[in-house]
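What follows is the residue order along each chain.
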Amino acid sequence: MANGLFQIGVSALAASQRGLATVSHNIANVNTDGYARQRVEFSARSPQGAGGVWTGNGVETSAITRTVDQFLQQQLRTSTSNHARVAVVRDFAAQVNNILGDPETGLSPALGEFFDGVQALVGDPASVPARQVLLASADTFVSRFHDQHLRLDETERGVDARLRSTIEEINAAAQGIADYNRDIVQARGRVQGTPPNDLLDQRDALLLRLSALTNVTVVEQEDGALNISVGRGQALVAGGVASTLSIAGDPLDATRLEVAYSVNGVQALISDDLTGGELGGLLSFRDEVLDPARNGLGRIAAAVSLAFNAQHRMGMDLDGAPGADFFAAPAPRVLEDGGNTGTLSVAYDEATLGALTISDYDLRHDGANLILTRRADQSAQTLAGPGPFTVDGMTITLGTAPVAGDYWQLQPTRTAARDLGL
């Protein structure tokens with residue numbers, strides 16, 4: 001009997017000691033980022049049967065668990081991803097706002113100065129000094145367009161640099177999680193499936209950081225490892241193996257960086273599928289803020305230059321000769337697939353210039369007709385026949401007849417501010 005009492009007492013002391021050690025561990029890590037409080041689970045030891053009765057045998061530690069709610073963890077990862085995306089878009093959008101909206105270096109002051117010069121010349125058409133003032137203000141006007149476009153290009157280079165560093169960080173985090181997966185699986189095997197709580201905390205902290213970089217889908221396996229996918233199910237981590245993302249040039253424009261994922265040696269672009277985290281924010285800013293801003297600036301350059309040229313050609317110079325173009329007007333940008341058979345050209349249509357948009361367009365041949373899709377709203381229209389076709393302030397003229405699969409991307413105003421001349 002005494003021996004049984006001693007055993008029960010020892011079991012209680014051992015269990016309590018384990019509980020105190022766990023409390024001490026919690027206190028020691030109170031300021032540790034990512035640490036989850038641990039709790040000791042106690043259970044009664046198997047009883048002993050003697051003399052027709054069962055007697056208690058003391059207490060034991062059945063498990064040490066983390067106080068973690070997996071649902072809340074998932075919500076936290078989602079919120080972290082969304083917040084990181086919005087923060088990136090906000091920061092870069094502020095740069096664009098400062099470039100275009102600056103009251104001194106923005107476009108508005110130069111535009112006002114140019115039209116002031118025009119108004120002064122209208123009041124005294126024969127004045128040579130007034131003509132020189134107008135030419136000087138026009139030169140400033142053109143230079144301001146060039147400067148604005150250049151600064152937007154610099155912003156894009158900043159986005160590109162951030163894309164590269166973010167991809168490197170994603171790959172490093174993915175590899176780190178894969179390493180933790182292997183360690184956790186091995187640790188569970190050594191102690192009969194008991195989870196290594198501190199390793200789980202460290203993996204969760206790294207997973208939260210990965211969620212801030214890009215949107216992820218997480219699935220836990222029976223052995224405790226996590227499988228992580230990005231985009232539309234592309235596997236980034238599978239157990240102890242990590243895949244990598246990379247940077248690749250757009251097939252039509254090598255200077256435009258896209259995110260690529262490799263499967264069996266075949267590289268696929270997945271930028272359109274990445275919508276969360278810092279990576280999604282960078283791509284969203286470029287597509288939804290930077291490109292429209294650059295296109296909008298280009299539309300002003302194209303509209304002002306073409307409208308002013310049309311009016312200028314209706315007048316005469318000091319010698320009575322008919323007027324010519326005042327500005328060296330820009331032209332739409334056309335990107336074509338390297339495998340195209342057909343050829344075409346695109347020009348502005350002065351008669352419908354007011355219909356010019358800030359959207360880019362996809363132009364494909366389906367085997368019978370050309371299909372023009374406006375990217376801004378995904379509206380499509382069929383261009384049937386030999387052309388020319390006048391659409392949204394543009395005239396599309398065919399050269400060599402296109403065939404099924406031919407593809408072009410039209411950027412009517414993307415480089416207009418850069419190409420404007422005097």
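For the structure itself, consult the block above.
Residues numbered from 1 in each chain as written. Predicted model: local features only at pLDDT ≥ 70, side-chain atom pairs only at ≥ 80, totals over all residues. Heavy atoms only, no water.

## Description of the nonpolar core
Next, step 1: Counting 54 residues, the largest nonpolar core has F114 and L210 as its most contacted members.
Next, step 2: In terms of residues, this core owes the most to one element, helix 4 (residues 128–190), which gives 15 residues.
Next, step 3: Residues in contact with L210, not counting those within four places in the same chain, are I170, A173, I177, V216, I228 and L236.
Next, step 4: L353, L356, L370 and L372 belong to the second largest nonpolar core, which has 19 residues in total. (Core = buried A, V, L, I, M, F, W, Y, C linked by side-chain atoms within 4.5 Å. Buried < 20%, exposed > 50% of the residue type's maximum accessible area, 1.4 Å probe, protein only. Helix = DSSP H or I, 4+ residues; strand = E, 2+ residues; numbered from the N terminus. Contact = heavy atoms within 4.5 Å.)

## Points about the environment of A212
Next, step 1: With respect to the secondary-structure elements, A212 resides in helix 5 (residues 197–213).
Next, step 2: In this structure A212 comes out as buried when scored by relative accessible area, which is 9%.
Next, step 3: A212 has contacts with T80, A84, G277 and E278, leaving out every residue within four places of it along the chain.

## Let's talk about the side chain of Q411
Next, step 1: For Q411, the position within the fold is in strand 19 (residues 407–411).
Next, step 2: With a relative accessible area of 3%, Q411 lands in the buried category.
Next, step 3: Those residues in contact with Q411 that lie beyond four places of it in its chain are P332, R333, L335 and D360.

## Some details on unusual backbone geometry
Next, step 1: Looking along the chain, the bond that leaves G387 and enters P388 is cis, with omega of 0 degrees.
Next, step 2: Positive phi, close to 60 degrees, is recorded for Q378, a residue that is not glycine.
Next, step 3: Checked against the element boundaries, Q378 lands in the loop between strand 15 (370–374) and strand 16 (379–383).
Next, step 4: Judged by relative accessible area, Q378 falls into the exposed class, the value being 54%.

## A look at the packing of helix 4 against helix 5
Next, step 1: One way to put it is that helix 4 packs onto helix 5 with a least axis distance of 9 Å and a crossing angle of 155 degrees. Considered as vectors, helix 4 and helix 5 are oriented roughly antiparallel to each other. For helix 4 against helix 5, the interelement crossing comes out left-handed. From helix 4, T166, E169, I170, A173, G176, I177, Y180, N181, D183, I184 and A187 reach across to helix 5, where they touch L199, L200, Q202, R203, L206, L207, R209, L210 and L213.
Next, step 2: Here the residues of the contact of helix 4 with helix 5 are counted per class, giving 12 nonpolar, four polar and four charged. (Axes fitted to C-alpha atoms, helices over the stretch in contact; angles between N-to-C directions. Parallel < 35°, antiparallel > 145°, perpendicular 65-115°, else oblique. Left-handed = near helix turned anticlockwise from the far one by under 90°. Nonpolar A, V, L, I, M, F, W, Y, C, P; charged D, E, K, R; others polar.)

## Details of helix 4
Next, step 1: Here helix 4 contains 63 residues, and its C-alpha end-to-end distance of 93 Å stays within 8% of the 93 Å for a straight helix at 1.5 Å per residue.
Next, step 2: Where helix 4 begins, the capping side chain belongs to S127, and its oxygen is found 3.1 Å from the backbone nitrogen of A130.
Next, step 3: Looking one or two residues past helix 4, Q192 carries a phi angle of roughly 55 degrees, positive in sign. (Expected span 1.5 Å × (residues − 1). Polar contact = N/O pair within 3.5 Å; in protein donor to acceptor, adjacent residues only side chain to side chain.)

## Brief notes about the sheet that holds strand 6 (residues 226–230)
Next, step 1: The strand order across the open sheet formed by four strands is 5-6-7-8, and the pairing between neighbours is antiparallel. At either margin of the open sheet sits one strand with a lone partner, and together these are strand 5 (216–220) and strand 8 (241–242).
Next, step 2: Relative to strand 6, strand 5 runs antiparallel, the two being bridged by five bridges. The partner of T217 across the bridge, within strand 6, is S229.
Next, step 3: Of the strands in this sheet, strand 6, strand 7 (234–238) and strand 8 are in contact with helix 4, which crosses strand 7 at around 45 degrees. (Pairing = 2+ DSSP bridges.)

## Describing the packing of helix 2 (residues 70–101) against helix 4
Next, step 1: Helix 4 packs onto helix 2 with a crossing angle of 165 degrees between their chain directions and a minimal axis gap of 10 Å. Compared by their axis directions, helix 2 and helix 4 come out roughly antiparallel. The hand of the helix 2/helix 4 crossing is right-handed. Contacts from V88, F92, Q95, V96, I99 and L100 of helix 2 reach helix 4 at Q148, R151, L152, T155, G158, V159 and R162.
Next, step 2: Residue classes in the contact of helix 2 with helix 4 are distributed as seven nonpolar, four polar and two charged.

## With respect to the pattern of salt bridges
Next, step 1: Taken as a whole, this structure holds 26 salt bridges when the rule is applied.
Next, step 2: Close ionic contact of D201 with R66 constitutes a salt bridge, the shortest N to O distance being 2.7 Å. With D201 in helix 5 and R66 in strand 4 (residues 59–66), the pair connects residues that are 135 residues apart, well separated along the chain.
Next, step 3: Under the relative-accessibility criterion, R66 is labelled buried at 17%.
Next, step 4: Of the charged contacts, one joins R414 and D360 as a salt bridge, the two residues approaching to 2.2 Å between their closest N and O atoms. Here R414, found in the loop between strand 19 and helix 7 (416–419), pairs with D360, found in the loop between strand 13 (344–348) and strand 14 (361–365); they are 54 residues apart in sequence, far enough to count as distant. The same class applies to R414 and to D360, which are both buried. (Salt bridge = Lys/Arg side-chain N within 4 Å of Asp/Glu carboxyl O.)

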